[in-house]
Amino acid sequence: ARKSDENGIVVIGLGRFGCRLAGALTRLGHEVLAIDRDPEKVQRWSSELDRVVQADATEEGVLRQLGVTDFRRVVVAIGASIEASVLTVLALAELDIPQIWARANSEKHAKILSSVGANHVIFPEAEIGERVAHLIVSRMLDFMEFGDDFAIAKVPVIDGMIGKPLRDLAPGERYGVMVVGAKLPGERFRYAGPDTVLTEGSVLIVEGSIDQVQRFASMA
Ligand code: ATP
Ligand code: ATP
């Protein structure tokens with residue numbers, strides 16, 4: 001195998017998820033080989049992506065013929081058809097693809113994908129659902145959880161933090177969160193340090209446990 005495509009990524013399945021993913025990877029400067037069994041999908045994306053081919057990805061021989069073994073990273077973006085998604089991951093595992101990413105539609109689907117050889121399982125509906133719940137019930141503008149009860153959020157500044165340097169405010173002791181970044185009105189995000197003074201309209205990046213971050217983002 002060439003393994004020349006260090007920079008290349010295969011995306012299998014050009015549904016709503018797969019086509020966005022392939023487009024974003026292309027914009028990030030990666031060569032994308034996109035595969036879909038539906039000729040209409042292939043037709044539709046052929047002008048926007050480098051290489052789009054029509055094929056059934058569950059067939060190991062077909063994947064080999066398409067040169068998929070030259071790639072280190074493959075994403076299986078098939079969702080609704082669990083059978084097609086599992087068989088495709090299995091075929092990729094048989095081909096010894098080092099990094100297999102796969103999209104799951106349910107917890108059980110995720111378990112099956114891991115057990116047949118997916119190295120990374122993504123479950124977009126679950127992840128987005130949980131994230132949006134945090135946004136709806138607080139003032140958070142964005143939220144990301146990292147496991148081990150650690151989260152980072154983008155939150156508008158609260159009144160109690162305006163006008164004094166962070167050194168004096170000791171947000172860790174007072175609010176239970178660390179302020180790691182701040183964006184003053186009209187400026188860009190910057191690392192927040194002891195000397196940072198927040199003004200009205202500032203936006204913060206805070207980190208802490210999920211509860212602490214949620215509580216901070218719920219303060220008036
Ligand atoms: P999305 O939510 O991303 O729109 P979906 O769940 O609605 O996806 P799926 O049935 O998961 O739709 O299909 C996603 C894409 O994967 C479709 O374009 C479909 O043609 C393609 N696909 C499904 N099975 C295979 C297969 N065996 N080989 C190649 N492509 C496939
Ligand atoms: P998801 O992607 O979140 O799994 P979906 O696209 O597969 O959703 P939808 O048809 O959007 O499925 O339905 C989501 C849920 O909303 C279903 O449980 C459905 O019963 C419910 N739902 C659909 N229409 C209505 C309605 N008019 N009133 C109340 N609930 C509804």
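Residues numbered from 1 in each chain as written. Chains lettered and ligands numbered in written order. Predicted model: local features only at pLDDT ≥ 70, side-chain atom pairs only at ≥ 80, totals over all residues. Heavy atoms only, no water.

**Considering the domain arrangement of the protein chain**
When the parts of a complex come together, some accessible area is lost, and that lost area is often taken as the interface size.
Point 1. Taken as a whole, the protein chain is organised into domain 1 (5-122) and domain 2 (127-216).
Point 2. Computed over C-alpha atoms only, the centres of domain 1 and domain 2 are separated by 37 Å. (Domains from an automatic or database assignment.)

**What about a negative patch on the surface?**
Point 1. On the surface, a cluster of negative charge is made up of E107, E127, E130, E145, D148, D149 and D211.
Point 2. Mapped onto the fold, E107 is located in helix 5 (residues 107-116).
Point 3. Among the residues examined, E107 registers a relative accessible area of 59% and is labelled exposed. (Patch = residues over 30% accessible without salt bridge, like charges linked within 9 Å, V, L, I, M, F, W, Y side chains within 5 Å. Areas by Shrake-Rupley, 256 points an atom, 1.4 Å probe, with all protein chains shown as cover. Salt bridge = Lys/Arg side-chain N within 4 Å of Asp/Glu carboxyl O. Lys, Arg positive; Asp, Glu negative; His and termini not counted. Charge placed at Lys NZ, Arg CZ, Asp CG, Glu CD. Helix = DSSP H or I, 4+ residues; strand = E, 2+ residues; numbered from the N terminus. Buried < 20%, exposed > 50% of the residue type's maximum accessible area, 1.4 Å probe, protein only.)

**Considering the nonpolar core**
Point 1. Ranked by size, the top nonpolar core spans 26 residues in total, and within it V10, I12, I35, L63, V68, V89 and L92 carry the most contacts.
Point 2. In terms of residue count, helix 4 (residues 82-94) provides more of this core than any other element does, five residues in total.
Point 3. Beyond its immediate sequence surroundings of up to four residues, V68 is in contact with V10, L33, I35, L63, V74, L92 and I97. (Core = buried A, V, L, I, M, F, W, Y, C linked by side-chain atoms within 4.5 Å. Contact = heavy atoms within 4.5 Å.)

**Observations regarding helix 4**
Point 1. The terminal C-alpha atoms of helix 4, which comprises 13 residues, lie 18 Å apart, in line with the 18 Å expected from a rise of 1.5 Å per residue.
Point 2. If you check which residues of helix 4 are buried, you get A84, S85, V86, T88, V89, A91 and L92.
Point 3. Positive backbone phi, approximately 60°, marks D96, located one or two places after helix 4. (Expected span 1.5 Å × (residues − 1).)

**Examining the side chain of R103**
Point 1. One can find R103 in strand 5 (residues 99-103).
Point 2. Within polar-contact distance, the side chain of R103 engages the backbone oxygen of A77 at 3.3 Å.
Point 3. With residues near it in sequence (within four places) discarded, R103 still touches F17, V76, A77, I78, G79, S85, H109, L113, I122, P124 and E125. (Polar contact = N/O pair within 3.5 Å; in protein donor to acceptor, adjacent residues only side chain to side chain.)

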